[in-house]
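One-letter residues, chain by chain:
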Amino acid sequence: MNITSFKNDIKTFRLALPATVLAFAAFGSACEDETSKIGPSLTEGDINISIDTLYFDLGAKAVSNENYDSKTGNLLFGNIDVPEYGKLNCSFVSRMMCATSLDQLPDSLQSPERVDSCRLFLSIARGDLVGDSLTPQKVSVYELTKQLPSDITNSFNPEGYYDPSKCLGSKSFTVSYAGRPDSIATSKPTSGTNSNGQSVVQNAVIAIGIDLPKEYGVKIFEDYKNNPQIFQWPSTFSEYYPGYFVESSFGKGCVSNIYGLDLYIYGWYNAKQIVEKDTTWVHKPFYVSPLISSPEVLSSNNIKYKVSDNLKNKVANNESIITTPGGYNVSFRFPAEDLIRHYKKGEHNLSVISDLILTIPAETIDNNYGIGTAPTLMLIKTSELKDFFTNNKIPDNETSFSAEYDSTNNRYRFSSMRSYILNLLNKGELTEEDVEFTIVPISLETEQGSYGNTTYITKCTPYTVKPTMTRLHTEKAMVVFTFSSQIIE
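So, here is what we can say about the structure in this document. Everything numeric in this text was worked out from a predicted model, so none of it was measured.

Another aspect to go through is the pairing of strand E16 (residues 327–333). Two faces, one strand: in a regular strand the side chains alternate between the faces of the sheet. Counting buried residues along E16, 7 of its 7 residues qualify, which places the element largely inside the surrounding structure. In this sheet, E16 lies alongside strand E3 (residues 61–65) in antiparallel orientation, the contact comprising 5 bridges. From the neighbouring strand, Val63 faces E16, where its bridge partner is Asn329. In this structure, E16 lies alongside strand E21 (residues 436–448), joined through 4 bridges in antiparallel fashion. Bridged to Ser331 within E21 is Thr438.

Structure, rendered in structure tokens:
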């Protein structure tokens, strides 16, 4: 791959500092036992700090991304057909876990005969969708008949894992509050957090309630009463309750992000009621949620994405296009050789590299569905991409780097690449694996440190939250290379 070398408009800023200042900053303290020859040498000559802005045409190309790890906490559901983007069809499979011990219920409520109904809820955060929220849709739920494979990907075919003639339940709905009386089940109990531990604000969640057979809820009660060991361990539980396949059986024009599944069983019990000293027995309702989805158990998106002719034409014209979920990544050869030559061309025999930053301009691709850019991208050595997600790695700032989209300046800025270039300098001769990189869209999970002033990345997964498409201007890539140097006379 040919890479355009440095342009004539390279901007270099050099700042001369007293040598003794750099010596103090670089070493901090001196050895008291003996005098080193290094110390005196730093007092000879001027110290230059170079902040070089270098422009490159990376010669990048869009590469197909058809098969990827889709085991995330974001479950996409629905269909869209956007001329600028393409056709996207999303369903998903999910195991469940036992969330509530039925032992918490009084003995009088543990009787299967008291079960009145059963319902599965799909929860969508209000506005967490792409497309028209008024689009009529229909969801169908099937019980899985065997264990899901551990190496499942987005191209997983659920055929053979469920019985298509035995639909457990279905529901027609919209994801708009305008359809609340018909499409939004109001009998789901609300709480402060959802099944994934995320905060839930009252009336901010659209819960799609799917009626399941009463007998299904009775079976769960009977299994708990007669075989309680089933519910003691997740591995044992999944053998008896492998999970669900949830598909869109009608509707096109909206894709939603399902963040949780909750199964509720409703029933009744006899309770005393005293009115003016008269005692009567009445039926009182109760509910329990024995099964929920959770990040701790396996769930995976089944995603079929047909890229539009619009995007194919852009790629054919050598535009760098990235899409989600799946579709295109971008690969290129990082100009490490040029940077090293530039670094070594100066007449200095002592130098320290301070920083290396790669900035790539980006823009949204016009469309009428509000499909925007990928929120976060990862720059990673192509040779390490295959195993990165399989081994649950996170960006290490040596061979992989993350950057958030800067909507103010329309760019992605990959910083903290100092260790990468240092490793190459120490290595000597470079190989293709050293410089071949791929840019992929990702989701990052973080947590705060104990004192709240440090954020740690805890998980990195392919971005499957919603459809996106991004045009990277890799022909205008900019590298800021900072290092200090000294000529020792």
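This is not the end of the story, as more comes after the structure.
In globular proteins that are soluble, nonpolar side chains generally tend to be buried together. One finds Tyr216, Tyr244, Val246, Leu261 and Leu263 to be the most contacted residues of the largest nonpolar core, which totals 38 residues. Among the elements that line this core, the one with the most residues is strand E7 (residues 115–131), at 6 residues. Not counting the four nearest positions on each side in its chain, Val246 is found in contact with Phe77, Ser91, Phe92, Leu122, Val139, Ser140, Val141 and Leu261. The next biggest cluster of nonpolar side chains, apart from the first, holds 37 residues, and it includes Ile340, Phe401, Tyr405 and Phe414.

Take the pattern of salt bridges next. As enumerated under the stated definition, the model contains 11 salt bridges in all. Put simply, Lys381 and Asp434 hold a salt bridge, and the shortest N to O gap is 3.8 Å. With Lys381 in strand E18 (residues 376–381) and Asp434 in helix H10 (residues 432–435), the pair connects residues that are 53 residues apart, well separated along the chain. The class of Asp434 is buried, set by a relative accessible area of 6%. Of the charged contacts, one joins Arg471 and Glu475 as a salt bridge, the two residues approaching to 3.6 Å between their closest N and O atoms.

Next up on the list: helix H4 (residues 214–226). Counted at 1.5 Å a residue, the expected span for H4 with its 13 residues is 18 Å, and the 18 Å between its end C-alpha atoms agrees. Within H4, the full set of buried residues consists of Tyr216, Gly217, Val218, Ile220, Phe221, Asp223 and Tyr224.

Attention shifts here to the packing of aromatic side chains. Enumeration over the complete set of coordinates arrives at 24 aromatic pairs. With centroids separated by 6.2 Å and ring planes inclined at 45°, the aromatic side chains of Phe231 and Tyr241 adopt a geometry described as tilted. Of the two residues, Phe231 is situated in the loop between H4 and helix H5 (234–240) and Tyr241 in the loop between H5 and strand E11 (244–250); the sequence distance between them amounts to 10 residues. The same class applies to Phe231 as to Tyr241, namely buried. Note on Tyr343 and Phe483: the rings are 5.0 Å apart at their centroids and 75° apart in plane angle, and the pair reads as edge-to-face. A residue pair is termed long-range when its members are at least 10 positions apart, and Tyr343 in helix H7 (residues 336–344) and Phe483 in strand E24 (residues 477–486) qualify at 140 residues. The exposure class of Phe483 is buried, given its relative accessible area of 3%. Among the aromatic residues, ring-to-ring pairing joins Phe332, Phe334, Phe401, Tyr420 and Phe437 into one connected group.

Okay, unusual backbone geometry next. A negative phi angle characterises most non-glycine residues, just as the trans form characterises most peptide bonds. The omega angle of the peptide bond from Thr324 to Pro325 is -10°, so this bond is cis rather than trans. Non-glycine residue Asn397 carries a positive phi angle of around 60°. Mapped onto the elements of the fold, Asn397 is located in the loop between helix H8 (382–390) and strand E19 (400–406). Even without a glycine there, the phi angle at Ser416 is positive, about 55°. Along the polypeptide, Ser416 turns up in the loop between strand E20 (411–414) and helix H9 (418–427). Judged by its relative accessible area of 39%, Ser416 is partly exposed.

Taking burial as the measure, the 8 residues of strand E4 (residues 75–82) include 7 buried ones, the bulk of the element. Inspection of the sheet shows E4 paired to strand E5 (residues 86–94) by 5 bridges, in the antiparallel sense. When the sheet's bridge partners are listed, Val82 is paired in E5 with Gly86. Hairpin connection between E4 and E5: a loop of 3 residues separates the two successive antiparallel strands.

Looking now at the environment of Asn65. Among the secondary structure elements, Asn65 is positioned in strand E3. By relative accessible area, which is 16% here, Asn65 ends up buried. Placed 265 residues apart in sequence, Asn65 and Val330 show a C-alpha to C-alpha distance of 9.4 Å. Apart from residues lying up to four places away in sequence, Asn65 is in contact with Gly326, Gly327, Tyr328 and Asn329.

By the burial criterion, the buried members of H8 are Leu385, Phe388 and Phe389. Viewed along the axis of H8, the buried residues span an arc of 70°, placing them on a single side of the element. Among the exposed residues of H8, those pointing more than 90 degrees away from its buried face are Lys386 and Thr390. Where H8 is buried, its residues meet E18, E19, E21 and strand E22 (455–462). Taken from the residues just after H8, Asn392 is the one with a positive phi, measuring 55°.

Procedures and definitions
Residues numbered from 1 in each chain as written. Predicted model: local features only at pLDDT ≥ 70, side-chain atom pairs only at ≥ 80, totals over all residues. Heavy atoms only, no water. Buried < 20%, exposed > 50% of the residue type's maximum accessible area, 1.4 Å probe, protein only. Helix = DSSP H or I, 4+ residues; strand = E, 2+ residues; numbered from the N terminus. Pairing = 2+ DSSP bridges. Core = buried A, V, L, I, M, F, W, Y, C linked by side-chain atoms within 4.5 Å. Contact = heavy atoms within 4.5 Å. Salt bridge = Lys/Arg side-chain N within 4 Å of Asp/Glu carboxyl O. Expected span 1.5 Å × (residues − 1). Phe/Tyr/Trp six-rings, centres within 6.5 Å; stacked < 30°, edge-to-face > 60°. Arc of directions from axis to C-beta.

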